[in-house]
Structures are given as structure tokens and as C-alpha cells.
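Residue strings, one per chain:
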Amino acid sequence: RNTVAIMGAHSLGGLQRENSGYNGTNGWVGNTNLLANGYYDSIVGSTADLETCDLSADSTEDCVTELKNANRWEQMFIDNSELVTPDRWEWERGAVPDQFVMVNSDIALVRNLAGLMDADGRVSTCQWKCNRPGRCGTPACPHAPETIGIAAEYAADNGLFLEEFESAFKTMLAHGQYDTSAGCASPPCTVGAEARRNL
């Protein structure tokens with residue numbers, strides 16, 4: 001829950017190619033100065049049946065389809081060859097230059113991208129959604145059963161999001177997070193270049 005809550009910070013700010021390689025000056029949701037649940041609204045569809053919905057990985061319930069039926073996001077390649085930042089794959093909706101942007105970590109809150117990303121961050125074996133199953137070039141990415149429900153709760157309740165964001169943020173500030181399980185002998189640990197490319 002803390003991870004999903006902290007990701008809501010993406011409702012603030014924008015993305016500059018010169019800094020990160022991503023191209024999203026309008027940010028994730030457009031109002032780059034307001035911390036609110038609009039971030040979740042843009043990646044989650046209807047939350048009407050959330051309390052009774054079976055969110056398991058193999059669920060075919062209509063409520064899962066409704067949760068996945070959010071704004072259409074399309075993965076786009078950002079060529080940064082003229083900059084010092086790496087090339088990127090980002091998820092966009094809207095028309096350039098006014099598009100909104102998500103990165104793979106955002107999309108992974110509601111779509112299970114495990115094993116579906118190429119080394120450069122491209123998701124080529126599935127797409128955001130397929131409105132005509134059997135007729136799409138690539139199928140819709142499966143939902144993320146562990147986190148889509150939490151994102152949907154926040155989309156439905158801004159007060160809950162703000163309360164849980166505050167708690168998670170305070171925990172981060174007070175304690176930080178050091179994970180030494182991935183081979184880091186002592187904090188602070190750094191993220192390798194390969195992992196950074198796919199953030």
C-alpha cells in the first residue's frame with residue numbers, strides 16, 4: 001500500500017527530456033501543482049464494484065475489465081540521441097505537445113508487466129487495452145492483481161489517498177528504505193544502469 005500511495009506523488013511536477021529522458025512537461029495528470037488522486041483516475045477505470053471484485057490474476061470478471069477500462073495509454077519511443085540522457089519508452093495519451101505521460105513503474109501499478117518488457121523498457125507483447133479481443137495486433141496487458149485494487153481505492157477516495165500518502169511519506173522521511181537483499185553490502189545503495197533504464 002505504501003508503494004502505491006507514494007507513486008501518487010507523480011501527480012506533481014513534470015518530466016524533462018534533458019533530466020530524465022522522458023518527455024512530459026504537462027506531467028502525469030496536467031495540474032502539476034496539486035497533490036490529489038487524479039493520477040489514479042487516469043490509470044483506473046470504473047471502481048463501482050470494487051468491494052466484491054475478484055482481482056486474482058486469472059479473474060475474468062466484468063469488474064476487472066471495468067477497472068482496466070481507463071484512459072487509453074500508448075507506449076511511445078523517445079529518441080534522445082541528441083541529448084546525454086538515454087532513449088526512453090514512455091506511455092502517452094493526448095496530442096503532442098500537450099500529452100500526459102506515464103512511465104513503466106506507473107503502468108505497472110495496474111498492469112502486470114513482469115516478463116513483458118524488453119531490456120530497453122519497451123513493452124512489445126501487449127498493449128494498454130484491446131477493445132476487440134481476437135482482432136487486436138497484440139493482446140491487452142494483464143492486470144496487476146496485487147496493486148490495481150489499491151490504485152482503484154485511491155481513485156475513488158481522494159481523502160483515503162491523501163491520508164495514506166501522508167503516512168507513507170512520513171515513514172520514508174523518518175526511516176528511508178535500504179534494501180540490502182540485492183547485493184548492496186551497506187547503505188546507501190545505488191541502482192545500476194540497467195535497472196535505471198527501466199524505471
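Throughout the structure, instances matching the rule amount to one disulfide. The partner cysteine of Cys126 in its disulfide is Cys141, sulfur to sulfur 2.0 Å. On the S-S bond that ties Cys126 to Cys141, the torsion sits near 85°, and the link is right-handed. Of this pair, Cys126 sits in the loop between helix 5 (104-107) and helix 6 (148-156) while Cys141 sits in the loop between helix 5 and helix 6, placing them 15 residues apart in sequence. Each member of the pair, Cys126 together with Cys141, is buried.

In sheet architecture, strand pairing relies on hydrogen bonds along the backbone and comes in two forms, parallel and antiparallel. Strand order across the open sheet formed by three strands is 1-2-3, with antiparallel pairing between neighbours. Only two strands of the sheet have a single neighbouring strand rather than two, namely strand 1 (74-78) and strand 3 (100-102). Each strand of the sheet is rotated relative to its neighbour by a mean of 45°, with strand direction disregarded. Direction of pairing for strand 2 (residues 88-93) relative to strand 3: antiparallel, over a ladder of three bridges. Across the sheet, Trp91 pairs through a bridge with Met102, a residue of strand 3.

Applying the stated rule across the entire model yields four salt bridges. Note that Glu153 is salt-bridged to Arg1, the shortest N-O span being 3.0 Å. A residue pair is termed long-range when its members are at least 10 positions apart, and Glu153 in helix 6 and Arg1 in the segment before helix 1 (2-7) qualify at 152 residues. Assessed through its relative accessible area of 27%, Glu153 is described here as partly exposed. A relative accessible area of 42% means that Arg1 is categorised as partly exposed. For the salt bridge of Arg1 with Glu164, the shortest nitrogen-to-oxygen distance reads 3.0 Å. Here Arg1, found in the segment before helix 1, pairs with Glu164, found in helix 7 (residues 158-175); they are 163 residues apart in sequence, far enough to count as distant.

Taken together, the side chains of Asp49, Asp54, Asp58, Glu61, Asp62 and Glu66 present a region of like negative charge at the surface. Tracing the backbone through its elements, the reader meets Asp54 in the loop between helix 3 (38-41) and helix 4 (62-68). Overall, Asp54 belongs to the partly exposed group, its relative accessible area being 33%.

Side chains of Phe169, Met172 and Leu173 sit close together on the surface and give an oily, nonpolar patch of about 310 Å² of accessible area. Mapped onto the fold, Leu173 is located in helix 7.

With 18 residues, helix 7 should cover 26 Å at 1.5 Å per step; its first-to-last C-alpha distance of 25 Å lies within 8% of that length. Within helix 7 the residues assigned to the buried category are Phe161, Glu164, Phe165 and Ala168. Along the axis of helix 7, the buried residues cluster in a sector spanning 110°; they form a single face. Of the residues in helix 7, the exposed ones pointing more than 90 degrees away from the buried face are Glu163, Lys170, Leu173 and Ala174. Structurally, helix 7 contributes buried residues whose contacts are with helix 1, helix 3 and helix 6. The residue sitting at the N-terminus of helix 7 and contributing the capping side-chain oxygen is Asp157; that oxygen lies 3.1 Å from the backbone nitrogen of Gly159.

Cut-off values and rules
- Residues numbered from 1 in each chain as written.
- Predicted model: local features only at pLDDT ≥ 70, side-chain atom pairs only at ≥ 80, totals over all residues.
- Heavy atoms only, no water.
- Disulfide = S-S within 2.5 Å.
- Helix = DSSP H or I, 4+ residues; strand = E, 2+ residues; numbered from the N terminus.
- Buried < 20%, exposed > 50% of the residue type's maximum accessible area, 1.4 Å probe, protein only.
- Pairing = 2+ DSSP bridges.
- Axes fitted to C-alpha atoms, helices over the stretch in contact; angles between N-to-C directions.
- Salt bridge = Lys/Arg side-chain N within 4 Å of Asp/Glu carboxyl O.
- Patch = residues over 30% accessible without salt bridge, like charges linked within 9 Å, V, L, I, M, F, W, Y side chains within 5 Å.
- Areas by Shrake-Rupley, 256 points an atom, 1.4 Å probe, with all protein chains shown as cover.
- Lys, Arg positive; Asp, Glu negative; His and termini not counted.
- Charge placed at Lys NZ, Arg CZ, Asp CG, Glu CD.
- Expected span 1.5 Å × (residues − 1).
- Arc of directions from axis to C-beta.
- Contact = heavy atoms within 4.5 Å.
- Polar contact = N/O pair within 3.5 Å; in protein donor to acceptor, adjacent residues only side chain to side chain.

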